[in-house]
Amino acid sequence: MKKTLSALLLVAVMIMGASAAQAEPLKVVASFTILGDLAKQVGGDDVTVTTLVGPNGDAHVFQPTPSDAKALKDADMIIINGLGFEGWMGRLIKASGTKAPVVTASAGITKTLTLKDTEDKNHDHDHHHHGSIDPHAWQSITQGRMYVKTIAGALQKTDPANANNYGERAAKLDTELAALDAWVKTEIATVPADKRRVITTHDAFGYFADAYQVTFLAPTGFSTDDEPSAKEMKHLIQQIQSGKTRALFLESMGNPNIIKQLAAETGAVVGPALYTDALSTESGPAATYQALMRYNVTALVKAMQQNP
Ligand SMILES: [Zn+2]
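These numbers were taken from a predicted model, which means no experiment stands behind them. (Residues numbered from 1 in each chain as written. Predicted model: local features only at pLDDT ≥ 70, side-chain atom pairs only at ≥ 80, totals over all residues. Heavy atoms only, no water.)

A. Fine view of the environment of T33. The topology assignment puts T33 in helix α2 (residues 33–43). Between the C-alpha atom of T33 and that of A278, which follows or precedes it by 245 residues, the distance is 5.7 Å. Residues within four places of T33 in sequence aside, it is in contact with T51, V53, G54, P55, A278 and L279. (Helix = DSSP H or I, 4+ residues; strand = E, 2+ residues; numbered from the N terminus. Contact = heavy atoms within 4.5 Å.)

B. How the structure looks around the layout of surface pockets. Considering only enclosed or pocket space, the second largest pocket measures out at about 190 Å³ in volume. Lining the second largest pocket, in full, are T33, G36, D37, K40, T51, P55, L279, S280, T281, E282, A287 and T288. Among the elements that take part in the lining of the second largest pocket, α2 stands out by supplying 4 residues, more than any other. Broken down by class, the residue content of the lining of the second largest pocket amounts to 3 nonpolar, 6 polar and 3 charged. (1 Å grid on protein atoms, 1.4 Å probe; cavity = no way out; pocket = protein on both sides within 12 Å on 5 of 7 lines; lining within 4 Å. Points joined across faces, edges and corners; volume = space filled by probe spheres on them. Nonpolar A, V, L, I, M, F, W, Y, C, P; charged D, E, K, R; others polar.)

C. How the structure looks around helix α3 (residues 66–74). Looking only at α3, the buried set comprises D68, A69, A71 and L72. Burial along α3 is one-sided: seen end-on, the buried residues are contained in an arc of 155 degrees. Counted as exposed and oriented over 90 degrees from the buried face of α3: P66, S67, K70 and K73. Next to the buried residues of α3 lie β1 (26–32), β2 (47–53), β3 (77–80) and α4 (89–96). (Buried < 20%, exposed > 50% of the residue type's maximum accessible area, 1.4 Å probe, protein only. Arc of directions from axis to C-beta.)

D. Representation of the packing of α2 against helix α6 (residues 141–158). Contact geometry for α2 and α6: axes closest at 10 Å, N-to-C directions at 55 degrees. Taken together, the axes of α2 and α6 lie oblique to each other. For α2 against α6, the interelement crossing comes out right-handed. Residue-level contacts link L35, L38, A39, V42 and G43 of α2 to Y147, V148, I151, A152 and L155 of α6. Here the contact of α2 with α6 is composed, by residue class, of 9 nonpolar, 1 polar and no charged. (Axes fitted to C-alpha atoms, helices over the stretch in contact; angles between N-to-C directions. Parallel < 35°, antiparallel > 145°, perpendicular 65-115°, else oblique. Left-handed = near helix turned anticlockwise from the far one by under 90°.)

E. Region of interest: the packing of aromatic side chains. Here the structure, examined in full by the defined rule, presents 9 aromatic pairs. For the ring pair F62 and W88, a centre distance of 4.7 Å and an interplane angle of 55 degrees mean the geometry is tilted. Of this pair, F62 sits in the loop between β2 and α3 while W88 sits in the loop between β3 and α4, and the two are 26 residues apart along the sequence. Take W88: its relative accessible area is 7%, and that puts it in the buried class. In this structure an aromatic cluster arises from ring pairing among F205, F208, Y212 and F216. (Phe/Tyr/Trp six-rings, centres within 6.5 Å; stacked < 30°, edge-to-face > 60°.)

F. Fine view of the sheet that holds β1. If you walk across this open sheet you meet the 4 strands as β2-β1-β3-β4, and the pairing is parallel. Either end of the sheet is taken by a strand with one partner, and the two such strands are β2 and β4 (102–104). Each neighbouring strand pair of the sheet contributes to a mean axis angle of 25 degrees, computed without reference to strand direction. Bridging between β1 and β3 involves 3 bridges; their strand directions are parallel. Opposite A30, over in β3, you have I79 as the bridge partner. Of the strands in this sheet, β1, β2 and β3 are in contact with α3, which crosses β2 at around 150 degrees. (Pairing = 2+ DSSP bridges.)

Here it is in structure tokens:
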């Protein structure tokens, strides 16, 4: 009797163990916060997402630690941007010994932009190591929707048991992003075309500029941790004055001093920090991809209205 009971208990424990294993969410590791957020939105309760470069982090100059390698080793699926954005990722994946599939979120984008020749010529700093391909494709919502499609397809392939859930969430998100894209276009259209000029420190808005017809004057030769030379500052002041651009923006990452100095010397208006390559923390104004877009567009439109 006692033996039968303990055998029954053992069977019960085994069954519970098996069902718990089945219900365990898929472990997804994303290289940076924007991909992590899209994976969470498509994955819902079926995934747990770990992000290597955290909120307000700079993925261009990231220094991985052993805990990042461990996260990759334990992962069921890995998501990277590609287009040369995370130069450190290939070595880290190799070193981690992970067997997880690596998904390139940008694989389905419909347009690839290169940094302008003139910008490349001035690129003597070490901020962007990706040569002539512009990796910031998520700044166009049209391309962001392609990211969602690619991530959803990869989740369905890796975790077919929950394929319907991924498909439903991705479809809902796509509808939301289509509406957001229309909203961005409506907002930008409230600014007269000849006022749509902005200065930022970092070449992150190429896809945004292309999608929404805004001109970004990004001073190049400025590293996130370097002071520009007097010659570079003079060149930029001339850019501001000749372009009649008063909308200057900081970024949530990097050195704010360059833009502050430019504002002091030219009288240009400094807008709030834009979110380019990273989301904010949970309590910040850009905690999701959609919030990032709404926040940036609202700030850009307000500042561009002040251009002469
Ligand atoms: Zn960048």
